[in-house]
Amino acid sequence: MDQKQCVSSVSPQHPKIKRGHAYQFTDWIMDVCWLDSGELAVAFAHNQVEIYAIKQDNPSAVLVDRVQCQVRCILYSARFHGTTKENLLLASGTVFNEVHVWKITDRNEDNEGVVSHQLVGHEGVIFGVRFNPDGSMLTSVSDDRTIRIWPLQGERTNPLIIFGHTARVWDCQFVDQHLISISEDATCRVWKNTLVSKNEGDEDGDCLACWEGHIGKNVWSCAVSPEHKIVATGGQDSGIRLWSFVSIKNNNIESEDDLTLVELPAAAPSKPETFRNFCLTGLDTIVACSNEGRILRGDQKGAEWTILHSDPSYVKYAMMSPSPCGRLVIVGSIEGHLLLVSTDRIFEPIKLKVHETKIFEIFIENSRDPNVFYIVSIGFGEATYLHKLDATDPTTPVFETLYKLKEPTERTNMLSLKLVEETRLLICGSREGAMVVYELPLLSTTQHSGSEQQQPQTVNPLMQLRRTHGRQAISSVTLKHCDNNNNKEVVFWTTGRDGCYIQYRLVRNTNEQQQSSSTTTTSSANTAGKGDGSGKVEEKTKLGIASQGDTMIETSRWILEKIYRNKVTKGWLEGALWLNDELLLLGFYRKRFFVYNETKTFELVSIACGGAHRRWQFKTADTKLDLSTFTFVRKEQLFAYFRNESSVNGSFSSTVIQDNFHGRDVRAVRYLSSAVTNDPSFPLLFASAGEDTVLKFHQYIPSLNTKFATLSNVRKHTSVIKSIDTSKGIDTLLFTSGAREELYCWKLEVSKPPNMKDGDLLDLNCLEWAVCPAVSQVIETRIMDITVHAIDTAQGLHLVGAGYSDSTVRIWLFNEKTRQFSLIADGSWHRRCLLQMDHVVIPGSDNEKQDRILFFTGATDGRVAVWDISQKLRESIQDVAALEADPTHTAAKFDEPVYTYQPHQSGVNCLQVAYNPDENTLTIVTGGEDNALVAAKLALGGGKDDDDDAKIVVTAVGNPCSILEAHASSVTGTRLIQNNTAVLSTSTDQRLNMWTVKDLGSDGVALILVDASFVDVPDPSTMDTADYGGVTHAAIAGIGLESFSVSS
């Protein structure tokens, strides 16, 4: 058994780390310090310091001095300050919530170190202490979630107390006039140290930055570069992140001194002009409409202005909108006119009467032809029109109104939209939280002929979805990808003023049976306690489906699928940008505008602008905001924040040194390749999940240092995920279960990129497909394990066996076509919390045509039960529609198992069953909380029960083989490998053992230990195996993940 190497090779040009002598001491070491004399000072956990003479040619450390502090107590932390024995100080953080500062050479008559400062105030144990460079101040962090800065010199004695972290604080260090702290809440924060410098307006405890790049909990370590430009953090999620310390000031704009006041030139010396409206057409150009009706173009500083047009009808009202490219600006008037202005003056301004009332909204979309623009205009209380401007011939631009967009019967005021020219889809978001999709006729040809404009064609909505962001507005629609090869798929995001963003996908409907006039929905709100709580699955209207909480809407031509929803911040979101495969979210929180990199999970910039209720524009050329501009109106003045700094990130190109894994214990891991494809050359895939509620998908890449890359992260569960299983029906499905009785179904789509090479990543989509209803009355009920079987692949029917913590085993039927769960069987025979479930399929014989499905359960009482309700299950699924009419009503019962035995004295932590068709026998391997590994052999036969339903007869073959001390601690994972001839077992003792399964005939089976290996992962809790490339891969997960290869 070969352990996979996770350490990269080092080339001769790189420095190497060579271990020197190792020294053994008799107490926990809290801190060490090299002295100028070459001696080593060591601080121990019992508040004692020893000084040793260390020589490289001598493997022994010679004790030079020893001193015990006069306060004899246990320490949780300690820190030295000084470089000589004469000036050496030690700060001791005690378990009694105090910090003691004492000098090594200051001693009393008992030769004990005398405490010079006793710092009292914390309400929890002291986890960390640090001196500032000159030793005049000390910082301490504690279990009470506070940071305290203690003056050690001068008149001030009371500490500066800083609150802000939401969990225990592990460390805090001085960096110039700032403090940098790390915490259990998975954040690294930067604070202003007002004991060093305090300006007017500064408040004690101001948090200047909160870096949130780690997931789960605990940032354990923090380092600052010598020049104080870069901060590195390491988390419990195994990730290593870089943060720009020099960008703290650049990324937190507080004062108007950092902003540029943009002023218009006066039309006359006695008549100063103000902004009626403006729009940002480039990183350094603004087009504005003044209160004198002048349309001007200027730079950010307002030094140079060019008059593009002048019209008195825009003196009191001007609605302005720029094209994404900035080459066209349209100004709407209160009389319903549109003024088309070329910012490059390619053509003369064009004024057209389009509406009878004032222009309420204008949207401009670019075309693949740079000279063609699509324009959507909305008049107050009027219809919405789609226009086309063709400026191919700048001397005679062609403007035509193509379509009248009919609004849904429900109130719908459009606030955002995106046109997908390749598929002719117009995706609109409204102030009421509704999303409306139109499919337009051809856009590439002229819709009207002759010199006279005809009435525009009316286009009805293709589909609509109400309250996608609750009652809050859809503030933006952002396109991610349109497949130009076949135009079969559109992926986009919506952002909302509820603070959420949602990823959707529109795919062409290939279901020929779908009628052209019908619209159907599948909702995650189809069960009590889920979705929006209304209990409504669909509500038909004249213009589509007005439903809430839906995960899919299907029409004759397109299917709308909700892929992912997340809320990343307080406040609301106003926009999103997709740049260089990174998602940037734009929003407001309180009185600040922010840009948040959702892909890399950290805030890029925060600008004090007064809040969201104002006209604003933002543009950036890159994801680091090196070239970016933010303009906004405050107090009737136009301010601009302009940044042109290539070094804003501290001169490093990537913020991620090592990708994170899970932030907390991993509870489930599952190989996926066999479920996705039968292609043996397909890369190895696996999924993991755990206490941080994140479902992750990974690809095995041997050429990488870490040997795998993360393809996708999905956060939907609200608590720990306990189990993962897959099933192949019409599509590839993945099921996850865990705490709070959560059971989700996901649709997996995995494909190779074109011309895939070694090291390339697969394309993987994980779509939220359905959620199982909650049936228990207790909210703390957990689904401890699941096992899934595709009972009818053609019809997309899957049996999901679930073991609940309330001692109930439940069998759900999942229907792919309707995307609904229906309860078909349950029972509570164990009367104990269920821990494990598995199933096997017994192929039908000549006498019995249908396959049998046996379920196996293990509980905390150490018993294993075998269930055969195959006949009842098949009868129940004959009428799927009846089941789905009342999805939580039980159709069958688990009465009595066909066989039981007790392999363990306490909980059954792992269980796997294999069927041997040659002997018609079962091999069951279990691992228990009692440290035992048990293998049992069962024989199968036919029989009849009292109801004349054919039931299988199960009998033991010999006695179970029980290895009582298979491990030194509880066994947490077992897997049968190599055609069921060997068993792998792992345990919290961090061992991986390999056993040969020896068949003893009528005496059963025996387990023989043949190999063992140490597991580096602490607290292993789960294991899975897969055959790939001629070897067996075993993935073991706990606090981290480690993979082993097992040769035949």
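Residues numbered from 1 in each chain as written. Predicted model: local features only at pLDDT ≥ 70, side-chain atom pairs only at ≥ 80, totals over all residues. Heavy atoms only, no water.

*Asks:* Where do I start with the sheet that holds strand 15 (residues 178-183) in this structure?
*Replies:* Backbone-to-backbone hydrogen bonds pair the strands of a sheet. The strands run either parallel or antiparallel. Strands sit in the order 14-15-16-17 across an open sheet of four strands; the sheet is antiparallel. In this open sheet, the two strands that pair with only one neighbour each are strand 14 (169-175) and strand 17 (207-211). Strand after strand, the sheet turns through a mean of 15° between neighbouring axes, direction not considered. Where strand 16 (residues 188-192) meets strand 17, four bridges bridge the pair, whose relative direction is antiparallel. When the sheet's bridge partners are listed, Arg189 is paired in strand 17 with Cys210. (Pairing = 2+ DSSP bridges. Helix = DSSP H or I, 4+ residues; strand = E, 2+ residues; numbered from the N terminus. Axes fitted to C-alpha atoms, helices over the stretch in contact; angles between N-to-C directions.)

*Asks:* In this structure, what is going on with the pattern of salt bridges? I would like to understand it.
*Replies:* A side chain with one charge can pair with a side chain of the opposite charge if their charged atoms come near. Enumeration according to the criterion identifies 34 salt bridges in this entry. With a shortest N-O distance of 2.3 Å, Arg294 and Glu273 are connected by a salt bridge. With Arg294 in strand 25 (residues 294-299) and Glu273 in the loop between strand 22 (260-262) and strand 23 (275-280), the pair connects residues that are 21 residues apart, well separated along the chain. A relative accessible area of 8% places Glu273 in the buried class. Its salt-bridge partner being Arg557, residue Glu439 comes within 2.4 Å of it at the nearest N-O pair. (Salt bridge = Lys/Arg side-chain N within 4 Å of Asp/Glu carboxyl O. Buried < 20%, exposed > 50% of the residue type's maximum accessible area, 1.4 Å probe, protein only.)

*Asks:* What is the right way to read the environment of Ala318 from this model?
*Replies:* Topologically, Ala318 is positioned in the loop between strand 26 (305-310) and strand 27 (319-322). Along the primary structure Ala318 and Gly332 are separated by 14 residues, whereas in three dimensions their C-alpha atoms are 5.6 Å apart. Contact partners of Ala318, with chain neighbours within four places excluded, come to Arg276, Asn277, Cys289, Val331 and Gly332. (Contact = heavy atoms within 4.5 Å.)

*Asks:* Quick question: what am I supposed to make of the side chain of Glu884 here?
*Replies:* Mapped onto the fold, Glu884 is located in helix 4 (residues 880-885). One buried charged side chain, Glu884, makes no salt bridge at all; its nearest oppositely charged neighbour is Lys817, positioned 11 Å away. There is a polar contact of 2.7 Å between the side chain of Glu884 and the side chain of Thr818. If near-sequence neighbours (up to four positions away) are discounted, Glu884 is found in contact with Asn815, Thr818, Gln820 and Ser822. (Lys, Arg positive; Asp, Glu negative; His and termini not counted. Polar contact = N/O pair within 3.5 Å; in protein donor to acceptor, adjacent residues only side chain to side chain.)

*Asks:* Just checking my understanding: could you explain the pairing of strand 7 (residues 89-94) for this structure?
*Replies:* Residues in a regular strand project their side chains so that they alternate between the two faces of the sheet. Extensive coverage of strand 7 is indicated by the burial of six of its six residues. Sheet topology note: the strand 6 (residues 75-81)/strand 7 ladder contains six bridges and is antiparallel. In the strand pairing of strand 7, His81 is matched with Leu89. By the bridge criterion, five bridges tie strand 7 to strand 8 (residues 98-107) in an arrangement that is antiparallel. If you follow Leu89 over to strand 8, its bridge partner there is Lys103. Where strand 7 folds back onto strand 8 in an antiparallel hairpin, the turn is made up of three residues, including Asn97, whose phi is positive at roughly 70°.

*Asks:* What should I look at first to understand the environment of Ser828 in this one?
*Replies:* With respect to the element layout, Ser828 can be found in the loop between strand 67 (820-827) and strand 68 (834-842). On the basis of relative accessible area, Ser828 is assigned to the partly exposed category, the value being 24%. On a C-alpha basis, the gap between Ser828 and Phe894 in space is 7.5 Å, while along the polypeptide they are 66 residues apart. Setting aside anything within four residues of it in sequence, one finds Ser828 in contact with Ser807 and Thr808. At 2.9 Å, the side chain of Ser828 and the side chain of Thr808 are in polar contact.

*Asks:* Teacher, can you tell me more about the packing of aromatic side chains here?
*Replies:* Pairs of aromatic rings are described using the distance from one ring centre to the other and the angle between the two planes. Considering all chains together, one arrives at 30 aromatic pairs under this definition. Geometrically, the ring pair formed by Phe630 and Phe632 is stacked, given 5.3 Å between the ring centres and 25° between the ring planes. The exposure class assigned to Phe630 is buried, which follows from its relative accessible area of 0%. Taking relative accessible area as the criterion, Phe632 reaches 0% and is therefore assigned buried. With a centroid separation of 5.8 Å and an interplanar angle of 85°, the aromatic rings of Phe735 and Phe814 are classed as edge-to-face. Remark: Phe814 occurs in strand 66 (residues 809-815) and Phe735 occurs in strand 61 (residues 732-738); sequence separation between them is 79 residues. (Phe/Tyr/Trp six-rings, centres within 6.5 Å; stacked < 30°, edge-to-face > 60°.)

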